[in-house]
Each structure stands twice: as C-alpha cells, then as structure tokens.
Amino acid sequence: MIITRPDKYFLVAGYAEGPTLLNAFDNALMAAGVGNCNIVKMSSILPPNCTLIPPVKLPYGALVPVAYAEESWDEAGVILSAAVAVGIPEDPELPGVIMEHHMRADEQACLNNVIRKVEWAFEKRKFKLKEIKSISASGKIELIGSAFAGVVLWT
Amino acid sequence: MIITRPDKYFLVAGYAEGPTLLNAFDNALMAAGVGNCNIVKMSSILPPNCTLIPPVKLPYGALVPVAYAEESWDEAGVILSAAVAVGIPEDPELPGVIMEHHMRADEQACLNNVIRKVEWAFEKRKFKLKEIKSISASGKIELIGSAFAGVVLWT
Amino acid sequence: MIITRPDKYFLVAGYAEGPTLLNAFDNALMAAGVGNCNIVKMSSILPPNCTLIPPVKLPYGALVPVAYAEESWDEAGVILSAAVAVGIPEDPELPGVIMEHHMRADEQACLNNVIRKVEWAFEKRKFKLKEIKSISASGKIELIGSAFAGVVLWT
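The structure presented is a predicted model; accordingly, all values stated were derived computationally and were not measured.

### Looking at the packing of aromatic side chains
Right, on to step 1. Inspection of every chain in the model, using the stated rule, returns twelve aromatic pairs over all chains.
Right, on to step 2. Ring geometry for Phe25 of chain A against Tyr68 of chain A: centres 6.3 Å apart, planes inclined by 35 degrees, an arrangement best described as tilted. A residue pair is termed long-range when its members are at least 10 positions apart, and Phe25 of chain A in helix H1 (residues 21-31) and Tyr68 of chain A in strand E5 (residues 63-73) qualify at 43 residues.
Right, on to step 3. The buried category is assigned to Phe25 of chain A, whose relative accessible area is 12%.
Right, on to step 4. Between Tyr68 of chain B and Phe148 of chain B, the ring centres sit 5.4 Å apart and the planes meet at 45 degrees, which makes this aromatic pair tilted.

### Description of the packing of helix H2 (residues 107-125) of chain B against helix H1 (residues 21-31) of chain C
Right, on to step 1. For the pair H2 of chain B and H1 of chain C, the least separation of the axes is 10 Å and the interaxial angle reads 25 degrees. Here H1 of chain C runs roughly parallel to H2 of chain B, going by the angle between their axes. Considering how the two elements wind past one another, H2 of chain B and H1 of chain C form a crossing that is right-handed. From H2 of chain B, Lys117, Trp120, Ala121, Lys124 and Arg125 of chain B reach across to H1 of chain C, where they touch Leu22, Asn23, Asp26, Asn27 and Met30 of chain C.

### Considering the sheet that holds strand E2 (residues 38-41) of chain B
Sheet strands associate in pairs through backbone hydrogen bonding, adopting either a parallel or an antiparallel arrangement.
All names here are of chain B.
Right, on to step 1. The strand order E2-E5-E9-E1-E4 describes an open sheet built from five strands, whose pairing is mixed. Looking along the sheet, the strands with just one partner apiece sit at the ends: E2 and strand E4 (51-52).
Right, on to step 2. The pairing of strand E1 (residues 8-17) with E4 spans two bridges and is classified as parallel. Within E4, the residue paired with Tyr9 across the bridge is Leu52.
Right, on to step 3. Lying over the sheet, helix H1 (residues 21-31) contacts E1, E2, strand E5 (63-73) and strand E9 (145-154), oriented at roughly 135 degrees with respect to E1.

### Digging into the pairing of E5 of chain B
Residue and element names in this part refer to chain B.
Right, on to step 1. The buried fraction of E5 is high, at nine of eleven residues.
Right, on to step 2. Summarising the sheet, E2 and E5 pair through four bridges and their orientation is parallel. Of the residues in E5, the one forming a bridge with Ile39 is Val64.
Right, on to step 3. Here E5 pairs with E9 via eight bridges, running antiparallel. When the sheet's bridge partners are listed, Ala69 is paired in E9 with Ala149.

Reading guide: rules and limits
- Residues numbered from 1 in each chain as written.
- Chains lettered and ligands numbered in written order.
- Predicted model: local features only at pLDDT ≥ 70, side-chain atom pairs only at ≥ 80, totals over all residues.
- Heavy atoms only, no water.
- Phe/Tyr/Trp six-rings, centres within 6.5 Å; stacked < 30°, edge-to-face > 60°.
- Helix = DSSP H or I, 4+ residues; strand = E, 2+ residues; numbered from the N terminus.
- Buried < 20%, exposed > 50% of the residue type's maximum accessible area, 1.4 Å probe, protein only.
- Axes fitted to C-alpha atoms, helices over the stretch in contact; angles between N-to-C directions.
- Parallel < 35°, antiparallel > 145°, perpendicular 65-115°, else oblique.
- Left-handed = near helix turned anticlockwise from the far one by under 90°.
- Contact = heavy atoms within 4.5 Å.
- Pairing = 2+ DSSP bridges.

Nothing here speaks to function; it is geometry throughout.
Listed below in structure tokens is the structure:
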C-alpha cells in the first residue's frame with residue numbers, strides 16, 4: 001500500500017545496535033516503530049494542512065514516504081545522533097519544511113543544528129515560523145550502532 | 001499527492017548558496033522551482049509518449065519522482081556543476097533514457113559528460129536517438145554551494 | 001504507472017560493464033531485466049501474503065519500488081558482487097525481511113553475508129524463518145563494472 005494524499009504526519013526516532021551496519025539500521029527502524037514497513041526517502045516538505053498525530057502502527061510492508069536522518073557507525077565509544085525538525089508556518093496554506101541532521105556527537109548538538117537549519121529555511125522562504133517540532137535519537141556505540149530520526153507522512 | 005501515471009515531464013536546474021550543505025541544497029531546489037515539494041529520487045527512464053512541458057508550479061508538498069544530479073560542497077572558489085539529459089528515441093513507443101552528471105568543474109564539461117552518457121545508453125539499447133534535451137546549473141562557491149539539475153515526471 | 005498495492009515480488013540480478021560508472025549501472029539494470037523502468041529505492045520489507053513470481057517484463061518507465069544492492073567500481077581485476085535475500089516467515093500474516101549486501105569480493109562471500117543478515121533480522125524480530133530466497137550477481141572488472149541485485153515489488 002502506498003499513500004497518495006498524505007494529510008497526517010508523525011515523528012519517530014530510535015537508536016539500536018546490531019551485528020552489521022545494516023542490521024543496526026534495521027534495528028534502529030524497529031526501535032523507532034517503523035521497522036516493518038518500506039521507507040522511501042523523500043526531500044523534505046510538509047504539505048499544507050497536514051496534522052500531527054501520535055505514531056501509528058503502520059501496516060506491514062506499507063510504502064511510506066519519510067524524510068529522515070541516519071547515522072550508522074562501528075567504533076566503540078563514539079556517540080551517534082540523528083535528528084529531524086519540522087518548521088510549521090503561521091499561514092496554514094503554506095508548506096512546512098523538514099530538515100535533517102546526523103552527526104557523531106551528542107544529541108543536543110544535533111538538535112541545535114537541525115533546528116537552526118529549519119530557521120534558515122524559513123528565513124530564506126520569508127515564511128513566518130509558528131513553531132518547530134523536533135525529535136532525535138542518540139547512543140554511545142558499544143560495537144555497531146545506528147541512530148535514526150524521521151518524519152513520516154501518513155493518511 | 002503522488003502522481004501515478006506520469007505523462008508529462010519538465011527540466012529544472014538551479015545553483016544556490018546556503019549556511020549549511022543541506023540548506024544550500026534546499027536553496028538550489030528553490031532556485032530550480034521545486035523547493036516546496038517532496039522529491040523522490042528514481043532511476044532514470046522517460047516513459048513512452050511523455051510530453052515535454054514548461055516547468056509547472058508544483059503543489060506544495062507534492063510527492064514527485066525526479067531523476068536528478070546534485071553536487072554540494074563547501075570550498076570557496078570551487079566550481080560546482082550538475083546536469084541531466086534526456087535522450088528521446090525516434091520510436092515514440094520506446095522509453096527515453098535520463099542520465100545525470102555532477103562534478104566539481106565547469107558547466108560545459110558537465111553537459112558534455114551527461115550527453116555522452118545518453119549517447120552510450122542509446123548505443124547499448126540499439127535505440128535510434130531523435131534528440132537530446134539537457135539542462136544544467138553551475139556556480140563558483142562563495143562559502144557553501146549546491147548545484148542541482150533534474151527531470152521531473154508529472155501528469 | 002506506480003503500483004499501489006504490491007502483492008507479488010520477484011528477484012533480479014545482473015553484472016555489466018560500461019564506459020562510465022553510471023552507464024555500467026544502467027547496463028547492469030538491463031542485464032537484470034529492469035533497465036527500462038524507474039527504480040525507487042526502498043527499505044526492505046516484503047508485505048505479508050506477497051507471492052514470488054518469475055521476473056516479468058515491466059512496462060517502460062514504470063515506477064517500481066525495489067530493495068537493492070549495488071556495487072560499481074573502476075579498477076580492472078577487482079571482483080564486484082551484489083546480493084539480496086528475502087527471509088520468508090512461517091506465519092504468512094507476518095512481513096518478510098529483505099537484506100542487501102555488496103562488496104568487492106566474490107559472489108559466495110556476498111551471499112553468505114546477506115543470508116546471515118536475514119537470519120539476524122529474524123532473530124531480532126523473533127519471527128520463525130520458513131526459508132530464504134536469494135539472488136546475486138558478480139563479475140571481474142575489465143574496465144568499469146557494476147553488480148546489481150534487487151527484489152522488485154509488483155502487482
């Protein structure tokens with residue numbers, strides 16, 4: 001199933017370890033609650049009049065458009081972080097802007113970066129910013145880790 | 001909104017600077033006229049009987065399949081270029097082929113590369129080439145830049 | 001045309017050479033039988049009750065979701081391999097899991113890796129594994145090569 005007219009969205013994030021980088025990413029998707037669906041990466045606009053909802057359990061194998069940040073790495077002791085933020089415009093007829101940031105540094109630094117990106121995107125568009133919703137995940141690598149954060153469009 | 005049966009296409013390109021690589025890319029998308037929609041990257045075939053149209057203003061947040069080239073970088077003075085080219089077959093029942101090229105070099109070099117790729121793709125397929133449509137963007141980095149060129153499928 | 005409710009899938013793989021990395025990849029897609037359609041990369045779940053079919057000739061320019069592995073490189077003598085594997089759960093109401101692996105090493109090593117990834121994904125989900133379907137492609141580079149393997153969702 002693929003959604004054709006997203007009018008809802010929700011934020012998800014998770015950090016996990018795994019025996020390979022891909023398994024760690026798979027596990028991070030599961031930690032975020034989107035591990036059993038098909039994520040299709042998209043650039044990064046929230047359609048107008050899209051409503052924030054709590055995360056829903058997606059149907060198995062659903063094809064869902066997601067704007068996301070990922071950081072996966074395999075050096076013990078390194079901190080990984082991923083964050084997304086959505087800027088909501090004051091005018092509900094305008095689109096929102098989703099930004100991503102991932103880095104080998106702590107979660108707050110990652111959030112600061114992603115929020116600043118949203119502010120810049122609004123300045124550039126000359127849209128008035130009503131509010132920013134953000135989410136992030138972070139972890140200190142034990143063996144092989146993956147941090148994931150995404151905005152899921154849904155219907 | 002996602003299109004299910006693309007029968008039109010148009011070419012877009014833009015170069016922009018920004019305070020981060022992602023904001024520069026976002027700004028390049030806006031310079032190209034596709035900054036407020038959701039681009040989904042696809043490999044690179046023009047459906048048969050698809051009609052070239054002038055760029056349209058896409059609905060905010062629309063999910064659009066785009067074959068694109070991007071080059072983003074942050075060294076002042078470097079020239080960035082991105083180009084796409086579409087080979088149109090003589091037989092309208094055959095598909096066209098879209099190729100991408102991006103490089104840290106001037107626009108004409110980038111165009112030469114992408115056009116040669118289309119010619120090779122047609123030679124390999126043994127399709128007769130009617131014509132090639134191409135578009136490119138280029139800029140000399142001041143601080144952080146992004147060049148983008150894409151073929152948008154539309155309906 | 002984009003499929004909205006995939007209920008079939010098939011496995012494809014191919015290795016090819018080409019005059020550039022992108023042309024080699026294009027040629028590998030053609031060797032795999034999916035060269036004239038639009039592949040959209042997705043993460044990696046097989047919807048429940050999806051049926052394995054022999055590869056079909058896809059309509060020109062169709063937008064098809066594919067979970068795939070690719071390895072393209074340009075050093076003569078190097079062996080490139082790409083593999084995908086699908087874990088099928090005993091319970092048909094549960095989703096399958098698709099894993100990818102690509103490497104500059106021989107085909108059997110690549111298959112071993114991708115199969116192990118599927119096993120790990122099932123262990124993590126606590127799903128009982130009924131069987132694993134896999135496919136791979138490999139070649140020794142003459143000039144510029146590309147190995148591709150994918151799971152195509154179809155309807």
